Amino acid sequence: MYLATAIAQRHFVIASNADVIITGDQDLLTLVTYQEISIMTPKSFLNQFH
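This text gives an overview of the structure that appears in the document. Predicted model, so just to flag it, every value in this text is computed and none were measured. (Residues numbered from 1 in each chain as written. Predicted model: local features only at pLDDT ≥ 70, side-chain atom pairs only at ≥ 80, totals over all residues. Heavy atoms only, no water.)

### A short note on the overall build of the protein chain
Piece 1. Counting secondary structure elements, the protein chain contains two helices and five strands.
Piece 2. When each of the 50 residues of the protein chain is scored for burial, the buried share is 28%.
Piece 3. Within the protein chain, contacts between residues separated by at least 24 positions form 7% of all contacts whose residues are at least 6 apart in sequence.
Piece 4. When the accessible surface of the protein chain is summed, it comes to about 3800 Å², and 53% of that surface belongs to carbon and sulfur atoms. (Helix = DSSP H or I, 4+ residues; strand = E, 2+ residues; numbered from the N terminus. Buried < 20%, exposed > 50% of the residue type's maximum accessible area, 1.4 Å probe, protein only. Contact = heavy atoms within 4.5 Å. Areas by Shrake-Rupley, 256 points an atom, 1.4 Å probe, with all protein chains shown as cover.)

Below you can see the structure in the form of structure tokens.
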């Protein structure tokens, strides 16, 4: 699984073939997905994949 993180000011660090974007940004979280990549909070990610 490849992860990406959304960082300050809405710049993305997206790894090639990323499966998940981890963020606390509410505007991004409302999208739910971005180009078929899931967007979720760190807590949601840990609950789902831990």
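Still more to cover.
### Quick look at the nonpolar core
Piece 1. Counting six residues, the largest nonpolar core consists of A18, I21, L28, L29, I37 and I39.
Piece 2. When contributions to this core are tallied by element, the ones reaching two or more residues are α1 (26-29) and β5 (37-40). (Core = buried A, V, L, I, M, F, W, Y, C linked by side-chain atoms within 4.5 Å.)

### Examining the environment of L28
Piece 1. With respect to the helices and strands, the residue L28 is situated in helix α1.
Piece 2. You can call L28 buried: its relative accessible area is 7%.
Piece 3. In this structure, the C-alpha to C-alpha distance between L28 and T41, residues 13 residues apart in sequence, is 9.9 Å.

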